[in-house]
Amino acid sequence: MAADRHRHTLDTNALWVDAERAAALLGPLSLQRPEMGRLGWRQGPHPRRRAGQGSEFWQYRPLEAGEAVDRVDWRRSGRSDSLYVRTHERELPARLALWADPAPSMDYASAPRAAATRLPEKRQRALVIAAALALAAEEGGEACAALSLARPAKARQVLEQLSAEASGTLHSAPLAPGDTVVLLSDFLEPDRIGAIAPLASQGAGGVVVHVADPAEADFPFEGRMELVDVTPQAEPRLIDASAQTRARYLEAWSHHVNAIEGAARTAGWHYLLHRTDTPVQEAVTAIAALIGGVGVGGGARR
Amino acid sequence: MISPASFSLGPFTLAAPAVLAGLAALPLLWWLIRRLPPPTKRVVFPAVRLLGPVVEQPPPQARPPWWLVVLRLGAVTAILLGLAGPRWDPTPDTPAPERLLVVMDNGWQSAPGWPEMVAAARTRIEALEGDEARVALAATAVSAANRPIRTPDWVTPKTALALLEQMTPEPWPANREAAARALARLAPGSADEALWVTGGWGVEGAKPLAQALERVAGARLLVVPARMFAIRQYEGTADGWRVQMVRPSGLPEETVRLLAIDTAGRPRAEAPVSFPAGETTATVNLKVAVGDLARISRLTVDESRSAATTALVDAASLHPRVAVLSGERRGEPRPLQSAAYYVRRALEPYASVEAVAAENMTRTEANLRVFLDLPVTTQAQADAMLRWVREGGIAITFAGPRIAENGTRLAPGQLLTGTRAVGTRLSWDKPQKLGGFAPNGPLAGMTIDPEVTITRQVLAADPSAPGLMRWAWLEDGTPLVTARIVGAGALVMVHANADPRWTNLPLSGLFEQMLRRFLPLLGRASQPGGAPQGSFALETALDADGALANPRQPRQVAPEVWDNAAASPLTPPGLYRAGTVTRALNLMQGNGPISPLFRFEPVVPEAGLPVASADGVRAPVNLATPLLILGLVLAAIDGFLSLARLLNLRLPRPSAARAAASATAVALALMALPHPAGAQIFPPGLPLEDRPGSPPAAAVEPVLLGHVATGNALLDSRARDGLAMLTRILGTRTAVRAGPPQPVNLERDELGTYAMLYWPLTGAKPLSPEAAARLAAYLSTGGLLVVDLGSNPPPPSAVRAVLQPLGLPRLAPLNSDHVLSRSFYLLDRYPGRVQGQAVWVEAATEGGTEGGGDGAVASVVMGSADWAGAWASPDGVEPRQREWALRFGVNLVMYALTGTYKADQVHVKAILDRLPERKR
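S.K.: Help me out: how do you make sense of the overall build of chain A in this one?
M.R.: Looking only at helices and strands, chain A has 9 helices and 12 strands in total. Across the 302 residues that make up chain A, the buried fraction comes to 39%. Long-range pairs, those at least 24 residues apart, make up 75% of the contacts in chain A between residues at least 6 apart in sequence.

Here it is in structure tokens:
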């Protein structure tokens, strides 16, 4: 099938070039933590409101038995009889979890009307957006990871991981509260919409990016034709693409969009529709605006 | 003819109407096309699942696009219609008569439209129906002189068609009166209809013929128009012909091409002839390349080949082209001493005269060459010239000192070496006067000018030799002008100079008259006196279409009536020959039908007959072929589109429709094309060749001395060393700065750059013609040749053999009065390694023994002193003797450079003698 063939020939190098260009135009990305009560955004380590490694003072606690004496904060201990240890607020980078749908339906690009511009497949576009976001986040000092692995990795590794993912159900590693999730999918697989709520329930914020081909949004067919789904067992469907059929399809399409958007809103996430005939930069900038901010330098790379 | 199976609807006929039944299958085809839709497109579209599992009505069958239906139905329709054999025959349907009299105008004016005229007559004859139908067919021009126009017989249409096929237009005028007389013998009213088929021109005899026709039956005139042109006049000019053409009046502006065709039938030159709107005449100057002029056999019009537009060209119509070849040295002497000057002044009003360098003798195209004291001695040149004379050239040779010394192969008879001097200081007798002119020669009847005297002449060895004609002689009977006919040309010899040194003939008016009398020799040299030899016999006939053919019957024209001969059955136009003379007889010649005032006059008003529609002669248009082509093209387009869909070529629909539309347009255009027009042949544009650039002259030293490479290493090295030493001496003693001496190959190297050529001549190998021509050219342009025979000179005969091709004048010993002995040093001896040998220079030069004081400069110095040897090394030469040798060398170079500049040195003694006298 055509979809399988495309899968094997996914050229991450080419995608990486596009992603680098998009990230360079975007600049460093820092994740926004509005739920932490800080109005502004800051780049770098984010305070975790618990003791841990960090620069900010958290609290003093009594020296526990068996603890090394050199950890005693003598200045505090001098004011009382017991010995205290100074602890710091734990600070960890925020994590950006990315997922690009590996479903076969993503391996689709409609035949362009003019031969000059060739549309990318939805999956290619999703991977480019994901890689661009990962790269920008990396520059912003944030940790990024593939949603299924959750282990922070370099942006390029994230791209490789995402592109190597096998099609199937949406699989997610456990998320920490405060993580930011970006889902890039067409949500045509039946389980996709339902997977948003469980992710949100783990405390993560996120953006649902609905990647759509212009043909899917416009249904530009005319006359008698057979439409075939990408799944191998699918029967070709003979339709007469009249105005009536188009209306019926467009209705189903808006229903689909509404379903995704509703699921995202319910979970408190953002929804974004991205058509593959629009520039990748548009999507990356919109997503970045939703999940964080770009550096003051606006594109200057450090 | 209409067969029972055919179908006709007015002018539209179908050969096989049964095929049209196939058109009934068109609705079936239409139904089939609708039933067999194009295959459904299959498109991958993942979002189809959004449509849900609703089972919908299977959509109706797709319909093929309208243009496909049109394409296929159109293809089938066109092929079926084409197979039905449709013809558009616009001949109006006239009631067919039973007995038809057809008169074909077949004079020279019918030639352009003859096929159409025959077709028109054929249509009328074919239209006759019934077994009782009879046709009488008559022509207005006789096919030959001995076949008069006879009263036509009534024959069956089939026979009449066969007779019609045999008729041809004739290259002479129609004789309508004779035709009318012949038709008068038919019983009045014996025909149902009389038809006069004509091209529509010429009023002569139109009335009697019309009356004769009217008497026989109701007569009609069928005019078949054609493009008519005629050459009215033509005359030779210096570079071609001036041609006046004429056409019928009232026509719009048009241009035709006038061609000059050579003897091989190829066009050699062309000129457009533009008739302004409404004008009937146009004149054009047809320019022909000089080299092609003699090869042109006829002038014709490209668009209309007929006897009227063909002018055969003979030698008599050629314009005299005179090449004057002079043996005079140093370019052009003072005009009044130059023979070439007198000849040119005499001939220029009557001919195009061109001065030609002697070395270009064979390369120049001319039909009359005048050799002025220019001996033609080499075999190659003489052969070329004699061949040219045999082909009709006229070679006129004037004698002079060079011819007296060397003779010439172009003399009509053997010449005695040397000159006969009369009336000079050493002879008793007085200068000779003219004695008379031969009455049968071209000079016959000229008056003898008593003032003309001759003091020196070249004598013929045998004045009574067979074939040698004496055209003019002196008082004592010695010939002054002799001639001999060679082939179609003539050799003429004037036994005196053309400049005033030997005779004052060039100064008299007689000279010009004489030369003028020679011009008409062109083309009729075999009858120099104008007396013809036998009759002119027709050799090649010109037919009415302007093509040359073998004569159908032998024809003779007596020479005395030649000038009045006109194209007629008795004297058909063509090329006639008498002996070696070829003459052309054209329509537009003499009293021919195309007079200088000729106009095309329409026959219709003169005849006064009702005119039948000329449309009837249009050939039926065959519609089958274009229809079949259209059908096949449409089918091919359909096949291509189907194939493209099968192969899933991405053809967007709009462009497919466009492609179909444009292909249909192409097919329609193809159909609109008439039958392929005759290919026009244009002479291919010749790319301009890059001329080889002249050799670079930058490296040339101001003065160069050369020595002729002999191939003998010792001689060459000694000559080089000698000249090198001489160059050094020149540098120290004179202002001459000469470059290093160069060996010179006479056959290859450019000679003109050398001031002086030193030639150690030892061998007896004669000069090659090429080398001789180049060396002669070098000498005539002011070069100095020093021939050194060495200390061991070869026998004089050998030297003469070597130098013969140069045509050198007489040499005389160098004396101390010659400019050469005074040009730098005053010398009285000229030794090399050998002392005491005489040095020879041209006799008739300044300071020479025969010098007339006219400033001539010698171009040849000859001696046997081995000068180069003396110059090269002092070994074995006395220092004093070597000094003399070097001084002579300096004098040679100075003489070569300054010529007679130091001539006053020659006369200084006399000048000095006179000066004190004046003062006294």
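S.K.: What exactly am I supposed to notice about the nonpolar core here?
M.R.: Generally speaking, nonpolar side chains in soluble globular proteins are found buried as a group. Residues and elements named next belong to chain B. Counting 137 residues, the largest nonpolar core has Val343, Phe371, Leu372, Val492, Met756, Val786 and Val861 as the members making the most contacts within it. Counting residues per element, this core draws most heavily on helix H18 (residues 879-898), which supplies 10 residues. When sequence neighbours within four positions are dropped, the list of residues in contact with valine 861 reads Leu784, Val786, Leu820, Val839, Val841 and Leu892. Within the second largest apolar cluster, 98 residues are counted, among which are Ala111, Val224, Tyr234 and Phe536.

S.K.: Which parts of the structure should I look at to understand the interface of chain A and chain B?
M.R.: Taken together, the contact between chain A and chain B spans 25 residues of the former and 17 residues of the latter. Among the elements of the structure, helix H7 (214-218), strand S9 (223-228), strand S10 (237-241) and helix H8 (243-266) of chain A are those that each provide at least two residues to the side of chain A that touches chain B. Here the side of chain A that touches chain B takes 6 residues from S9 of chain A, the largest share from any one element. Residues that form the side of chain A that touches chain B fall into these classes: 15 nonpolar, 3 polar and 7 charged. With 4 bridges connecting them, S9 of chain A and strand S3 (residues 41-44) of chain B associate as parallel partners. Bridge pairing in S3 of chain B links methionine 225 of chain A to lysine 41 of chain B.

S.K.: Looking at this structure, I do not really get the sheet that holds strand S6 (residues 134-139) of chain B. What am I missing?
M.R.: By way of backbone hydrogen bonds, the strands of a sheet pair with one another, either parallel or antiparallel. Residues and elements named next belong to chain B. Reading across the sheet, the 6 strands line up as S7-S6-S5-S8-S9-S33 and stay open at both edges, with mixed pairing between neighbours. With partners counted over all chains shown, the strands left at the sheet margins are strand S7 (154-155) and strand S33 (611-612), one partner each. Alignment of strand S8 (residues 193-198) against strand S9 (residues 218-223), held across 6 bridges, turns out to be parallel. Among the inter-strand pairings, glutamate 193 is bridged to a residue of S9, identified as glycine 218.

S.K.: Help me out: how do you make sense of the sheet that holds strand S17 (residues 321-326) of chain B in this one?
M.R.: All names here are of chain B. Overall, mixed pairing links the 9 strands, which are arranged S18-S17-S19-S20-S27-S26-S25-S22-S23 in an open sheet. Each edge of the open sheet carries a strand with a single partner, namely strand S18 (352-356) and strand S23 (453-454). Note: strand S19 (residues 368-372) against strand S20 (residues 394-398), 5 bridges, orientation parallel. Residue phenylalanine 371 lies in a different strand from S20, and its bridge partner there is threonine 397. Packed onto the sheet, helix H8 (residues 379-390) meets S20, strand S26 (479-486) and strand S27 (489-494) and runs at close to 120° relative to S27.

S.K.: For this particular structure, what's the right way to read the pairing of S9 of chain B?
M.R.: For a regular strand, side-chain orientation follows a simple rule: the groups alternate between the two sheet faces. All names here are of chain B. A crossover links S8 with its parallel partner S9, the connecting element being helix H6 (residues 206-216), and its sense is right-handed. Where S9 meets S33, 2 bridges bridge the pair, whose relative direction is parallel. Within the sheet, the bridge partner assigned to leucine 222 lies in S33 and is alanine 612.

S.K.: Help me understand unusual backbone geometry in this model?
M.R.: Trans is the common state for peptide bonds, and a negative phi is the common state for residues other than glycine. Residues and elements named next belong to chain A. In this structure, phenylalanine 187 is a non-glycine residue whose phi angle is positive, near 55°. Along the chain, phenylalanine 187 falls in the loop between strand S7 (180-185) and helix H6 (196-201). Taking the number of C-beta atoms within 10 Å as the measure of exposure, phenylalanine 187 has 26 and is therefore buried. Even without being a glycine, phenylalanine 219 presents a positive backbone phi close to 50°. For phenylalanine 219, a count of 23 C-beta atoms within 10 Å translates into the label buried.

S.K.: Quick question: what am I supposed to make of the pairing of strand S40 (residues 839-842) of chain B here?
M.R.: Residue and element names in this part refer to chain B. Inspection of the sheet shows strand S39 (residues 811-813) paired to S40 by 3 bridges, in the antiparallel sense. When the bridges of S40 are listed, leucine 811 appears paired with glutamate 842. Looking at chain direction, S40 and strand S41 (residues 860-863) are connected through 3 bridges and run antiparallel. When the sheet's bridge partners are listed, tryptophan 840 is paired in S41 with methionine 862.

S.K.: Just checking my understanding: could you explain the confidence of the model for chain A for this structure?
M.R.: Residues and elements named next belong to chain A. Summarising the model, chain A shows a mean pLDDT of 77, and 81% of its residues fall at 70 or more. Of all helices and strands in chain A, the one with the weakest mean pLDDT is helix H1 (residues 2-8) (45), whereas strand S11 (residues 270-275) scores best (90). When the criterion is pLDDT under 50, residues 1-8 qualifies, and its contacts beyond four places in sequence or with other chains add up to 9 contacts. Low pLDDT, under 50, characterises residues 34-43; the stretch is placed with 11 contacts to residues that sit more than four places away or in other chains.

S.K.: Help me out: how do you make sense of the confidence of the model for chain B in this one?
M.R.: Where the model shows low pLDDT, its predicted coordinates should not be examined in detail. All names here are of chain B. Per-residue confidence for chain B gives a mean pLDDT of 79; residues scoring 70 or more make up 83%. Counting interchain partners and residues more than four positions distant, the pLDDT-below-50 stretch residues 673-700 has 2 contacts. Interface predicted TM-score (ipTM) for the complex: 0.71; the corresponding pTM is 0.41.

S.K.: I would appreciate a short explanation of the packing of helix H4 (residues 122-139) of chain A against helix H9 (residues 280-291) of chain A in the present structure.
M.R.: Two quantities define a packed helix pair, namely the angle between the helix axes and the distance between the axes. Residues and elements named next belong to chain A. Where H4 meets H9, the axes come as close as 10 Å, and the angle between the chain directions of the two elements is 50°. The angle between the axes of H4 and H9 places the two elements in the oblique class. Read as a crossing pair, H4 and H9 show a hand that is right-handed. Judged by residue contacts, Arg125, Val128, Ile129, Ala132, Leu133 and Ala136 of H4 engage Val280, Ala283, Val284, Ile287 and Ala288 from H9. A per-class count over the contact of H4 with H9 returns 10 nonpolar, no polar and 1 charged.

S.K.: Is there a simple way to explain the environment of alanine 150 of chain A in this structure?
M.R.: Residues and elements named next belong to chain A. When you line up the elements, alanine 150 lands in the loop between strand S6 (143-146) and helix H5 (155-164). According to the C-beta neighbour criterion, alanine 150 is partly exposed, with 16 such atoms within 10 Å. Sequence-wise, alanine 150 and serine 172 are 22 residues apart; in three dimensions their C-alpha atoms are separated by 7.8 Å. Among residues more than four places away in sequence, those in contact with alanine 150 are Ala97, Ala145, Ala173 and Pro174.

S.K.: Would you mind showing me how to read the environment of glutamate 348 of chain B here?
M.R.: All names here are of chain B. Relative to the elements of secondary structure, glutamate 348 occurs in the loop between helix H7 (339-347) and S18. Classification of glutamate 348 by C-beta neighbours within 10 Å gives exposed; the count is 11. Sequence spacing of glutamate 348 and arginine 516 is 168 residues, and the spatial spacing of their C-alpha atoms is 10.0 Å.

S.K.: How should I be thinking about the packing of helix H1 (residues 26-35) of chain B against helix H2 (residues 66-83) of chain B in this particular structure?
M.R.: Residues and elements named next belong to chain B. At a minimum axis separation of 10 Å, H1 and H2 run at an interaxial angle of 150°. As summarised for this structure, H1 and H2 are arranged roughly antiparallel, according to the angle between their axes. The handedness of the crossing between H1 and H2 comes out as right-handed. Contact residues: H1 offers Leu26, Leu29, Trp30 and Ile33, while H2 offers Val69, Arg72, Leu73, Val76 and Thr77. Looking at side-chain class alone, the contact of H1 with H2 contains 7 nonpolar, 1 polar and 1 charged residues.

S.K.: Explain the environment of alanine 19 of chain A here, please?
M.R.: Residue and element names in this part refer to chain A. Take alanine 19: it is sitting in helix H2 (residues 12-26). Sequence separation of alanine 19 and valine 128 is 109 residues, and the distance between their C-alpha atoms is 5.0 Å. Here alanine 19 is in contact with Val128, Ala131, Ala132, Leu135 and Leu159, once residues within four sequence places are set aside.

About the criteria used
- Residues numbered from 1 in each chain as written.
- Chains lettered and ligands numbered in written order.
- Predicted model: local features only at pLDDT ≥ 70, side-chain atom pairs only at ≥ 80, totals over all residues.
- Helix = DSSP H or I, 4+ residues; strand = E, 2+ residues; numbered from the N terminus.
- Buried ≥ 20, exposed ≤ 12 C-beta atoms within 10 Å, placed from the backbone.
- Contact = placed C-beta atoms within 7 Å.
- Core = buried A, V, L, I, M, F, W, Y, C linked by C-beta atoms within 7 Å.
- Nonpolar A, V, L, I, M, F, W, Y, C, P; charged D, E, K, R; others polar.
- Pairing = 2+ DSSP bridges.
- Axes fitted to C-alpha atoms, helices over the stretch in contact; angles between N-to-C directions.
- Right-handed = clockwise from strand over helix to strand, strands pointing away.
- pLDDT = per-residue confidence, 0-100.
- Parallel < 35°, antiparallel > 145°, perpendicular 65-115°, else oblique.
- Left-handed = near helix turned anticlockwise from the far one by under 90°.

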